[in-house]
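The chain contents come next:
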Amino acid sequence: MSERRTAVVTGAGKGMGEAIARRLARDGFAVAIVDVDGDSAERVASDIREAGGEALAVGGVDVSDRSQVDDAMQRVRDELGPILVLVNNAGITGFKRFLEITDEMWDRIIAVNLTGAFYCTRAVLPDMIDAAWGRIVNISSSSAQGGQQNMAHYVSSKAGLIGMTKALAHELGPQGITVNTIPPGSIVTPMMQEAADRGRLGSLDELVERIPVRRLGEPDDIAAACAYLVSDEAGYVTGQIIGVNGGRVT
Ligand SMILES: NC(=O)c1ccc[n+]([C@@H]2O[C@H](COP(=O)([O-])OP(=O)(O)OC[C@H]3O[C@@H](n4cnc5c(N)ncnc54)[C@H](O)[C@@H]3O)[C@@H](O)[C@H]2O)c1
């Protein structure tokens, strides 16, 4: 059993979840790489171990499946110890005009992006309550702050995460547990690359012109904010929306 605090990062097989997991491992956490994609989870965990960190790959876990989530969290608990940090990062996106969003598309996005965070949080919360210390970071989206056309299902799921963050912050503050949300904007990851390749984002040069700091975001930009929010020194920060978007949404 580890002496380090244990952190679970969902969707950590690539993109910003991967960057968050690597950063938390460097900061001394034992990190569980939870992802539906087992190969990616293994790759990230073995890289972290090679660099001297402590990491466990928990692949084949769909966060929208309660029993898979419960089993995954139990495995993490057994192998790394009580889970005191949770980053709900796993997410999927979708682009459809509102009248073309089917019931299935709506349900799937809500299931992964919102219900998945509910399942993961429920599964780990008893550990945090026992320890009277915990940190939860929900990765939402700047689109839930500013709105985004053709993404009503996605934006609704992310707005739900912002609401859950605020409600839980009130409920869990007295127990030493903070809950915050980072809504990223325009971060270069496989998800964003795929959207760009499909022409969903228009011209990237024009997009950059609309971002005050005049660049796209890097996964490490999100990891840095996350590292602060899960630290001891962020104990007075809860219920907050910490935008990391180059200033495009304030
Ligand atoms: N990239 C951006 O600009 C951006 C902007 C706003 C919000 N976000 C949000 O940030 C988070 C990370 O995005 P990203 O760009 O790194 O995405 P990504 O697609 O590059 O990576 C997502 C990871 O989550 C995993 N995943 C997907 N569905 C899963 C499920 N059901 N269960 C478990 N794992 C699952 C994937 O296998 C993948 O490893 C997402 O929640 C996304 O909505 C991203």
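Attention here is on the structure that accompanies the text. Sequence order sets the numbering: in each chain, residues are counted from 1 along the sequence as written. Under the rules for a predicted model, residues below a pLDDT of 70 receive no local features and side-chain atom pairs below 80 are neither given nor counted, while totals for whole chains, interfaces and linings still include all residues. The side-chain values count all of the structure's non-hydrogen atoms but skip hydrogen atoms and water molecules.

1. Considerations on the packing of helix 1 (residues 15-26) against helix 2 (residues 38-50)
Here's step 1: The geometry of helix 1 relative to helix 2 is characterised by a closest axis approach of 10 Å and an angle of 25° between their N-to-C directions. Overall, the two elements helix 1 and helix 2 adopt an arrangement that is roughly parallel. Note on packing geometry: the crossing formed by helix 1 with helix 2 is right-handed. Here Glu18, Ala21, Arg22 and Ala25 of helix 1 lie close against helix 2, whose contacting residues are Arg43, Val44, Asp47 and Ile48.
Here's step 2: Broken down by class, the residue content of the contact of helix 1 with helix 2 amounts to four nonpolar, no polar and four charged. Angles here are taken between N-to-C directions and fall from 0 to 180 degrees, while the axes themselves are lines fitted to C-alpha atoms, restricted in helices to the stretch in contact. The way it works is that DSSP assigns letters per residue, a run of H or I at least four long becomes a helix, a run of E at least two long becomes a strand, and they are numbered from the N terminus. If an angle is under 35 degrees, it is roughly parallel; if it is over 145, roughly antiparallel; if it lies from 65 to 115, roughly perpendicular; otherwise it is oblique. A clockwise turn of the near helix away from the far one marks a right-handed crossing, whereas an anticlockwise turn of less than a right angle marks a left-handed crossing. Throughout, a residue-residue contact means that at least one pair of heavy atoms, one from each residue, lies within 4.5 Å. The residue classification treats Ala, Val, Leu, Ile, Met, Phe, Trp, Tyr, Cys and Pro as nonpolar and Asp, Glu, Lys and Arg as charged. All others, Gly included, are polar.

2. Some details on the site of the ligand
Here's step 1: Throughout this document, a residue counts as near a molecule or strand when at least one of its heavy atoms sits within 4 Å of that molecule or strand. Around the ligand, the surrounding shell holds 27 residues, and the nearest of these are Asp35, Asn89, Tyr154, Lys158 and Thr189.
Here's step 2: Whenever two N or O atoms come within 3.5 Å, that pair is a polar contact, provided that in protein one can donate a hydrogen and the other can accept it, and provided that, for residues adjacent in sequence, both atoms are side-chain atoms. One nitrogen or oxygen atom from the main chain of Val61 is found 3.3 Å from a nitrogen atom belonging to the ligand.
Here's step 3: Measuring from an oxygen atom of the ligand, one finds a side-chain N or O atom of Thr189 at 2.5 Å.
Here's step 4: Listing elements by their share of the shell around the ligand, those giving two or more residues are helix 1, helix 4 (103-131), helix 6 (152-172) and helix 7 (190-197).
Here's step 5: Taken together, the residues of the shell around the ligand break down into 13 nonpolar, nine polar and five charged.

3. As for the pattern of salt bridges
Here's step 1: Whenever a carboxyl oxygen of Asp or Glu lies within 4 Å of a side-chain nitrogen of Lys or Arg, that contact is scored as a salt bridge. Counted by the stated rule, this structure contains 12 salt bridges.
Here's step 2: Notably, a salt bridge pairs Asp232 with Arg5, separated by 3.2 Å at the nearest N-O pair. With Asp232 in the segment after helix 9 (219-229) and Arg5 in the segment before strand 1 (6-10), this residue pair connects regions lying 227 residues apart in the sequence.
Here's step 3: Between buried and exposed lies partly exposed: a residue is buried under 20% and exposed over 50% of the maximum accessible area for its type, with that area taken using a 1.4 Å probe on protein chains only. Owing to a relative accessible area of 31%, Arg5 belongs among the partly exposed residues under this scheme.

4. With respect to the side chain of Ser140
Here's step 1: Position of Ser140 among the secondary structure elements: in the loop between strand 5 (134-139) and helix 5 (143-146).
Here's step 2: Accessibility expressed as a relative area gives 2% for Ser140, which makes it buried.

5. Points about the pairing of strand 2 (residues 30-34)
Here's step 1: Counted residue by residue, strand 2 has five buried out of five residues, so it is predominantly covered.
Here's step 2: Residues Ala30, Ala32 and Val34 of strand 2 are buried on one face, and the alternating residues Val31 and Ile33, pointing to the opposite face, are buried as well.
Here's step 3: Across five bridges, strand 1 lies against strand 2 in parallel orientation. Paired with Val8 across the two strands is Ala32, which belongs to strand 2.
Here's step 4: For crossovers, right-handed means that the path from the first strand over the helix to the second runs clockwise, given strands pointing away from the viewer. Taken together, strand 1, helix 1 and strand 2 form a β-α-β motif whose crossover is right-handed.
Here's step 5: When strand 2 meets strand 3 (residues 54-58), the two strands line up parallel, connected through five bridges. When the bridges of strand 3 are listed, Val34 appears paired with Val58.
Here's step 6: Running through helix 2, the crossover from strand 2 to the neighbouring parallel element strand 3 is right-handed. When DSSP locates at least two bridges between a pair of strands, those strands are taken to pair.

6. Considering the pairing of strand 6 (residues 177-182)
Here's step 1: In terms of burial, strand 6 is a largely internal element, six of the six residues being buried.
Here's step 2: Burial of the side chains of strand 6 extends over both faces: Ile177, Val179 and Thr181 are buried on one face and Thr178, Asn180 and Ile182 on the other.
Here's step 3: In terms of strand pairing, strand 5 meets strand 6 through six bridges, oriented parallel. When the bridges of strand 6 are listed, Val137 appears paired with Asn180.

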